[in-house]
Amino acid sequence: MTAAVLALLAVACGDDGTQPAGQPGTTAGATATTDPGPNRITVYSGRGESLVKPLFEQFTRETGVQVEVRYADSAALAAQIVEEGSRSPADVFFSQDAGALGALSKRGLLASSPSEAVSAVDAKYRSRDNTWVGVSGRARVIAYNPQKVPEAEVPKSVFELTDPKWKGRIGIPPTNASFQAFVTAMRVQAGEARTKEWLAGIKANEPKTFTGNNPLLAAIDEGQVDIGLINHYYLFERIKNLGQDKVVARNAYTTNGDPGALINVAGVGVLKSTKAPAASARFVNYLISRPAQEFFAEKTSEYPLASGVPAIAGLVPLAQVQSPDIDLSSLDTLEQTLTMIRESGLL
């Protein structure tokens, strides 16, 4: 196995709707076959089966295109595609995060995305060479307990969290893929030195660590932790499950292009080696279509990325989120991020 593949595999799993690597593949709307054919595609999906299988089946019913799916962690699937090269049975890669797509794009393994999908998605949420397009977005936020931290005192930047006044009050999920992607974004935007300094400052403030965003949010909501770094939709999921009147925690967005307001995306790209380019393009266009965009908005409370499709009620509009201006494909350097987090003592 090559060093590049090993680097891709070095991404820890999170609680972001991914499925652990090694899960057997399943077929949505068809029986398995080894011949992809012009009206049959194989999708490597980093998004979990329980979430996207109904959507894939709906695509098959509406288009007649049969979809065979292999589910696993996005980084593991990207590594597998690199290993398989032009012999890969995959036609389409549907990734949980932009970094894995960026890794394949930089290796020249992705074809140009269909123009219909490209024109529907803002340039901030697709690769600069249009080899992949974002499907849905998730914002990094500061979750806080307003009974412990008044709204006016919530930091406007994650860099403020290194202030000693937050000692013993912060929660983070260092093994979570979204947290690691956020740290990668900080490296890209603010540089290696400042990111190391931030990690050291967080470590000095003795944060409580959690295995994922859900347990961290629960701890904030229950008053065990005052403040923490999560993705925005976990709060909406908790409100759905418990009811608005049972949830105390709130989300706050950092400002002025702070890396704490990173918008990462789940996205899709067609492999250059596909034997079914037309059917693959139809699949990509379908994920950007209004029904699919509304599916993600309603099921996951993520941001729809196709123009003209609104987010759910109560969510800060995407246009108002002051996210960092970075090339999302650059989030593929997770191995360096993991090394830095380990050296800080947080992992």
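The structure we're discussing is the one just above.
What you are looking at is a predicted structure, and each value in this text was computed from that prediction instead of being measured. (Residues numbered from 1 in each chain as written. Predicted model: local features only at pLDDT ≥ 70, side-chain atom pairs only at ≥ 80, totals over all residues. Heavy atoms only, no water.)

Novice: Any chance you could explain the pairing of strand β4 (residues 92-95) here in plain terms?
Specialist: Regular strands place their side chains on alternate faces of the sheet. Side chains Val92 and Phe94 project from β4 onto one buried face, and the interleaved Phe93 and Ser95 project onto a second face that is buried too. Two strands pair when backbone bridges link them, and β4 and strand β10 (residues 263-270) are joined in this way by four bridges, in the antiparallel orientation. Residue pairing across strands places Val92 opposite Val270, the latter belonging to β10. (Buried < 20%, exposed > 50% of the residue type's maximum accessible area, 1.4 Å probe, protein only. Helix = DSSP H or I, 4+ residues; strand = E, 2+ residues; numbered from the N terminus. Pairing = 2+ DSSP bridges.)

Novice: Quick question: what am I supposed to make of the packing of aromatic side chains here?
Specialist: Given two aromatic rings, their pairing is described by the distance between the two centres and the angle made by the two planes. One pass over the structure, following the stated rule, counts nine aromatic pairs. When the centroid spacing of 5.3 Å and the interplanar angle of 65 degrees are considered together, the rings of Phe56 and Phe283 count as edge-to-face. On the criterion of sequence distance, the pair formed by Phe56 in helix α2 (residues 49-63) and Phe283 in helix α10 (residues 277-288) is long-range, its members being 227 residues apart. Just as Phe56 is buried, Phe283 falls in that class too. Through successive ring pairs, a cluster of aromatic residues spans Phe56, Phe59, Phe94, Phe283, Tyr286, Phe295 and Phe296. The ring of Phe159 carries Arg194 above its face, with NZ or CZ at 3.7 Å from the centroid. (Phe/Tyr/Trp six-rings, centres within 6.5 Å; stacked < 30°, edge-to-face > 60°. Lys NZ or Arg CZ within 6 Å of the ring centre and 35° of its normal.)

Novice: Quick question: what am I supposed to make of the pattern of salt bridges here?
Specialist: In a structure, side chains of opposite charge can pair up when their charged atoms sit close to one another. Enumeration over the complete set of coordinates arrives at 11 salt bridges. We note a salt bridge from Asp226 to Lys148, for which the minimum N-O separation is 3.8 Å. Residue Asp226 is located in the loop between α8 (213-221) and β8 (227-231), and its partner Lys148 is located in the loop between β5 (133-144) and β6 (170-172); the two are separated by 78 residues in the primary sequence. With relative accessibility at 12%, the residue Asp226 sits in the buried group. Between Lys167 and Glu206 there is a salt bridge, with the nearest N and O atoms lying 3.9 Å from each other. (Salt bridge = Lys/Arg side-chain N within 4 Å of Asp/Glu carboxyl O.)

Novice: Looking at this model, I keep getting lost on the nonpolar core. Mind explaining?
Specialist: Here is a general trend for soluble globular proteins: nonpolar side chains tend to be buried in one another's company. Judged by nonpolar contacts, the single largest core of 80 residues is most densely connected at Ile41, Phe93, Phe94 and Leu328. Here the element with the most residues in this core is α10; it accounts for six residues. (Core = buried A, V, L, I, M, F, W, Y, C linked by side-chain atoms within 4.5 Å.)

Novice: Can you help me understand the packing of helix α6 (residues 177-190) against helix α12 (residues 334-344) in this one?
Specialist: Relative orientation and spacing of two packed helices are given, respectively, by the angle between their axes and the distance between those axes. It is the contact of α6 with α12, at a shortest axis distance of 9 Å, that shows an interaxial angle of 100 degrees. Taken together, α6 and α12 sit at an angle that is classed as roughly perpendicular. For the pair formed by α6 and α12, the contact residues are Phe179, Gln180, Ala181, Val183, Thr184 and Arg187 on the first element and Leu334, Gln336, Thr337, Leu338, Met340 and Ile341 on the second. (Axes fitted to C-alpha atoms, helices over the stretch in contact; angles between N-to-C directions. Parallel < 35°, antiparallel > 145°, perpendicular 65-115°, else oblique. Contact = heavy atoms within 4.5 Å.)

Novice: Even after reading the chapter, I still don't get α6, so can you show me in this structure?
Specialist: Count 3.6 residues to each turn of an α-helix, and residues three or four apart come out pointing the same way. Taking 1.5 Å per residue, 14 residues should reach 20 Å; α6 reaches 20 Å between its end C-alpha atoms and fits that length. Of all 14 residues in α6, 10 are buried, a share of seventy percent or more. Those residues of α6 lying buried are Ser178, Phe179, Gln180, Ala181, Phe182, Val183, Thr184, Ala185, Met186 and Arg187. The elements touched by buried residues of α6 are β5, β6, α7 (192-204), β8, β10 and α12. Measuring from the side-chain oxygen of the N-cap residue of α6 to the backbone nitrogen of Ser178 gives 2.9 Å; that N-cap residue is Asn176. One or two positions beyond α6, positive phi appears at Gly191, with a value near 100 degrees. (Expected span 1.5 Å × (residues − 1). Polar contact = N/O pair within 3.5 Å; in protein donor to acceptor, adjacent residues only side chain to side chain.)

Novice: Would you take a moment to explain α2 for this structure?
Specialist: Compared with an ideal rise of 1.5 Å per residue, which puts 15 residues at 21 Å, α2 spans 20 Å between its outermost C-alpha atoms and is within 8% of the ideal. Among the residues trailing α2, Gly64 stands out with phi positive, at a value near 80 degrees.

Novice: Can you walk me through unusual backbone geometry in this structure?
Specialist: As a rule of thumb, non-glycine residues mostly have phi less than zero, and peptide bonds are mostly trans rather than cis. Not every positive phi belongs to a glycine, and Glu206 is a case in point at roughly 50 degrees. Take Glu206: it is sitting in the loop between α7 and β7 (208-209). Unusually for a residue other than glycine, Asn256 sits at a positive phi of about 60 degrees. Mapped onto the elements of the fold, Asn256 is located in the loop between β9 (250-252) and β10. A residue is classified by how much of its surface remains accessible, and Asn256, at 70% relative accessible area, is exposed.

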